[in-house]
Amino acid sequence: MVAHRGASGYRPEETLEAYQMAIDMGADVIEPDLVSAKDGALIARHDPNLA
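Residues numbered from 1 in each chain as written. Predicted model: local features only at pLDDT ≥ 70, side-chain atom pairs only at ≥ 80, totals over all residues. Heavy atoms only, no water.

What should I look at first to understand a nonpolar patch on the surface in this one?
The grouping of Met1, Tyr10 and Met25 at the surface amounts to a nonpolar patch, some 350 Å² of accessible area in total. For Tyr10, the position within the fold is in the loop between β1 (2-4) and α1 (16-24). Owing to a relative accessible area of 52%, Tyr10 belongs among the exposed residues under this scheme. (Patch = residues over 30% accessible without salt bridge, like charges linked within 9 Å, V, L, I, M, F, W, Y side chains within 5 Å. Areas by Shrake-Rupley, 256 points an atom, 1.4 Å probe, with all protein chains shown as cover. Salt bridge = Lys/Arg side-chain N within 4 Å of Asp/Glu carboxyl O. Helix = DSSP H or I, 4+ residues; strand = E, 2+ residues; numbered from the N terminus. Buried < 20%, exposed > 50% of the residue type's maximum accessible area, 1.4 Å probe, protein only.)

What should I look at first to understand the side chain of Arg5 in this one?
Residue placement: Arg5 occurs in the loop between β1 and α1. A polar side-chain atom of Arg5 sits 2.7 Å from a polar atom in the side chain of Asp33. Residues in contact with Arg5, not counting those within four places in the same chain, are Glu13, Glu14, Ala18, Tyr19, Glu31, Asp33 and His46. (Polar contact = N/O pair within 3.5 Å; in protein donor to acceptor, adjacent residues only side chain to side chain. Contact = heavy atoms within 4.5 Å.)

For this particular structure, what's the right way to read the environment of Ala41?
Structurally, the position occupied by Ala41 is in the loop between β3 (34-36) and β4 (42-44). Through-space distance from the C-alpha of Ala41 to that of Ala7 is 24 Å; in sequence the pair is 34 residues apart. Residues contacting Ala41, with those up to four places away along its chain left out, are Val35 and Ser36.

Here's what the structure looks like:
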């Protein structure tokens, strides 16, 4: 099972809690959405901006 953005529908997406719940529910893979920050670091975020 692939958990896109963690346990979507159970916990807020892209949070440690959502990832942990997905793992606890038996996910084989966690698939986050990655966005590049201004400094080049990758962050797990669905929307590319916070506006």
